[in-house]
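Next come the chains, spelled out residue by residue.
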Amino acid sequence: MSTEASSYDGGCTCRQTRYRMASKPLFVHCCHCRWCQRETGTSFALNAMIEADRVQLLQGAVEIIDTPSNSGKGQKISRCPRCRIALWSNYGGAGDTVRFVRVGTLDEPDRLPPDIHIFTSSKQPWVVLPPDVPAVAEYYRASEQWPAESLQRRAALTAAKPPWH
Ligand SMILES: [Zn+2]
Ligand SMILES: [Zn+2]
């Protein structure tokens, strides 16, 4: 079984809203920025980036909440309309083509450890990072960190939806 064929199911806390990621993600961010710390109420956010059309709603619905973001472009957070748990978000810059799925809402979150730690300049000091996972003080270039397959998937996205749309 190829990992590309695997899917990942998840959902909210009240069980009303369920979703499926149809393939492995493009890349997994562990973000230590202050915004993610505040939004999660804890020390970092764990987000799996994936093409929006690979996230299928299996049950329930999502309510999209406009939320400020560090870039100033805003973030649309999709939440269960009943328990309000955040399931994924889209950032203003990338539009709706890429979703940032909250790894902690997956049924098996252990399957998606971070591919990179970002914004470690504001990492809480007690969080000790593993030596074998890339870590950057702020952000990075995808071309330098993403696997070739993910870069190809990203290129396909851009081709399907040119930036002038
Ligand atoms: Zn819910
Ligand atoms: Zn962040």
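Up top is the structure these notes are about.
Keep in mind the model is a prediction, meaning the values are calculated, not measured. (Residues numbered from 1 in each chain as written. Chains lettered and ligands numbered in written order. Predicted model: local features only at pLDDT ≥ 70, side-chain atom pairs only at ≥ 80, totals over all residues. Heavy atoms only, no water.)

J.: Before we go on, may I ask you to explain the coordination of the zinc ion (ligand 2) in this structure?
T.: Four donors placed tetrahedrally around a metal ideally meet at 109.5 degrees, and six donors placed octahedrally ideally meet at 90 or 180 degrees. Within the first shell, the zinc ion (ligand 2) binds the protein through Cys31 (SG), Cys33 (SG) and Cys36 (SG), at distances of 2.1 to 2.3 Å. Counting residues between consecutive donors of the zinc ion (ligand 2) along the chain gives the motif C-x1-C-x2-C. Taking relative accessible area as the criterion, Cys31 reaches 6% and is therefore assigned buried. We classify Cys33 as buried; its relative accessible area is 7%. (Donors = N, O, S within 2.8 Å, 3.2 Å for Na, K, Ca; no water. Buried < 20%, exposed > 50% of the residue type's maximum accessible area, 1.4 Å probe, protein only.)

J.: Please explain the nonpolar core as it appears in this structure.
T.: In summary, soluble globular proteins display a tendency toward joint burial of nonpolar side chains. Core analysis: the biggest nonpolar cluster contains 17 residues, and Cys31, Ile116, Ile118, Tyr140 and Trp146 have the highest contact counts within it. When residues of this core are traced back to their parent elements, those giving at least two are strand E3 (27-31), strand E4 (45-51), strand E9 (98-102) and strand E10 (116-118). Excluding anything up to four places from it in sequence, Cys31 contacts Cys36, Phe44, Ala45, Ile118 and Phe119. Membership of the second largest hydrophobic core comes to 15 residues, among which are Tyr19, Met21, Ala48 and Trp88. (Core = buried A, V, L, I, M, F, W, Y, C linked by side-chain atoms within 4.5 Å. Helix = DSSP H or I, 4+ residues; strand = E, 2+ residues; numbered from the N terminus. Contact = heavy atoms within 4.5 Å.)

J.: Can you walk me through helix H3 (residues 148-160) in this structure?
T.: Helix length check: H3, at 13 residues, gives a terminal C-alpha distance of 18 Å against a target of 18 Å (1.5 Å per residue), a fit within 8%. On the buried face of H3, the contacting elements are E4 and E9. (Expected span 1.5 Å × (residues − 1).)

J.: Could you clarify how one ought to interpret the sheet that holds strand E2 (residues 18-21) in this entry?
T.: Strand-to-strand pairing in sheets goes through backbone hydrogen bonds, with the strands running parallel or antiparallel. Pairing in this open sheet of 3 strands is antiparallel, and the strands run E1-E2-E5 from one edge to the other. Two strands lie at the open edges of the sheet, namely strand E1 (8-11) and strand E5 (55-59), each paired on one side alone. When the angles between neighbouring strand axes are averaged without regard to direction, this sheet yields 30 degrees. As paired strands, E1 and E2 are joined by 4 bridges and run antiparallel to one another. Across the sheet, the residue bridging to Gly10 is Tyr19, located in E2. (Pairing = 2+ DSSP bridges. Axes fitted to C-alpha atoms, helices over the stretch in contact; angles between N-to-C directions.)

J.: Explain the coordination of the zinc ion (ligand 1) here, please?
T.: Coordination of the zinc ion (ligand 1) by the protein involves Cys12 (SG), Cys14 (SG), Cys80 (SG) and Cys83 (SG), with metal-donor separations of 2.3 to 2.4 Å. Between consecutive donors of the zinc ion (ligand 1), the numbers of intervening residues give the motif C-x1-C-x65-C-x2-C. Its relative accessible area of 23% is what places Cys14 among the partly exposed residues.

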